[in-house]
Amino acid sequence: MTKVYVAPCGETGGAAHFPQRWPRSFGRRKGRTLSLRQSTLLAEGLQNRSIDVSQPLDALALKRLFPESVRDIWLEIGFGGGEHLVWQVANNPRVGVIGAEPYLNGVVSAMDALVTRELTERVRVYADDVLALLRALPPECLSRAFMLFPDPWPKKRHRERRLFSAHLLDKLAPLLRPEAEFRFASDIDDYAEVAIEAARAHPAFDIARVFTTENRDTMPDWPVTRYEEKARKQGRGATFLVLQRAI
């Protein structure tokens, strides 16, 4: 049985690997009180679909977590309510997806949709800060990664908590295969600008595409999420960034 590892809230684990402390990048762990059904769904989901990161995983151990039909493994960092994750799993039958999300109500929503659509076998969940997960994954194990509309931390004194950074790129780069994509999106203009600057400056990544809400239909395999739709209704467009792991 797969063990469940939930790191202490705010764990910064691999600080020695970075020139400065990795700050906590998320807010609440829980929202409204879960119903009995939701609590059961969460407990069963984390027991059967979690990744144990208390020890580093090698490539073979990671592959064994997914069915034999899986040929590629993707990672979504901060999947929110899971709409994008579920869409990608449903539309890519040869892909296994690892989802990292510390907000437990979001994990419940994703598990509910995956169970309903019978897609749970090709998903593994890490319900905490992604740093410990990144430290445990083996080199070049990922064919694609996503980080869509992460917490913007809009106050200036909180900007260091923004997850997209040179430090994140440092940690993610060795996990991506050559030419693998890392997709990022934000509806906060200054966050998108900083992300683009960090990507341009990073030697392990090339910028493959940058586009906005007005022409996002050029990427049919990038579905609109609930959060993106909410931003649209509030009059905010988004910037979409596609990075490619340099060869």
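Here the structure is a predicted model, which means the values were calculated and not measured. (Residues numbered from 1 in each chain as written. Predicted model: local features only at pLDDT ≥ 70, side-chain atom pairs only at ≥ 80, totals over all residues. Heavy atoms only, no water.)

Visitor: Quick rundown of the packing of helix α1 (residues 36-49) against helix α4 (residues 104-116)? Include the residues and the values.
Guide: For the pair α1 and α4, the least separation of the axes is 9 Å and the interaxial angle reads 80°. Viewed along their axes, α1 and α4 adopt a mutual orientation that is roughly perpendicular. Residue-level contacts link Arg37, Gln38, Leu41, Leu42, Gly45, Leu46 and Arg49 of α1 to Leu104, Val107, Val108, Met111, Asp112 and Val115 of α4. Looking at side-chain class alone, the contact of α1 with α4 contains eight nonpolar, two polar and three charged residues. (Axes fitted to C-alpha atoms, helices over the stretch in contact; angles between N-to-C directions. Helix = DSSP H or I, 4+ residues; strand = E, 2+ residues; numbered from the N terminus. Parallel < 35°, antiparallel > 145°, perpendicular 65-115°, else oblique. Contact = heavy atoms within 4.5 Å. Nonpolar A, V, L, I, M, F, W, Y, C, P; charged D, E, K, R; others polar.)

Visitor: Quick rundown of the sheet that holds strand β2 (residues 95-100)? Include the residues and the values.
Guide: Overall, mixed pairing links the seven strands, which are arranged β3-β2-β1-β4-β5-β7-β6 in an open sheet. Edge positions in the sheet fall to β3 (123-126) and β6 (205-212), since each of these pairs with one other strand and no more. Adjacent strand axes in the sheet meet at a mean angle of 15°, parallel and antiparallel pairs treated alike. Both β6 and strand β7 (residues 239-245) contribute to a ladder of seven bridges, which runs antiparallel. Each residue of the ladder has a partner; that of Asp206, found in β7, is Gln244. Sitting on the sheet, helix α7 (residues 189-201) is in contact with β5 (176-186), β6 and β7, with an inclination near 15° to β7. (Pairing = 2+ DSSP bridges.)

Visitor: I'd like to hear about the packing of aromatic side chains, residue by residue, with values.
Guide: Taken as a whole and judged by the stated rule, the model has nine aromatic pairs. On the numbers, 5.2 Å between centres and 85° between planes, the contact of Trp222 with Phe240 is edge-to-face. Remark: Phe240 occurs in strand β7 and Trp222 occurs in the loop between β6 and α8 (226-233); sequence separation between them is 18 residues. On the basis of relative accessibility, which here comes to 2%, the residue Trp222 falls in the buried class. Judged by relative accessible area, which is 0%, Phe240 ranks as buried. (Phe/Tyr/Trp six-rings, centres within 6.5 Å; stacked < 30°, edge-to-face > 60°. Buried < 20%, exposed > 50% of the residue type's maximum accessible area, 1.4 Å probe, protein only.)

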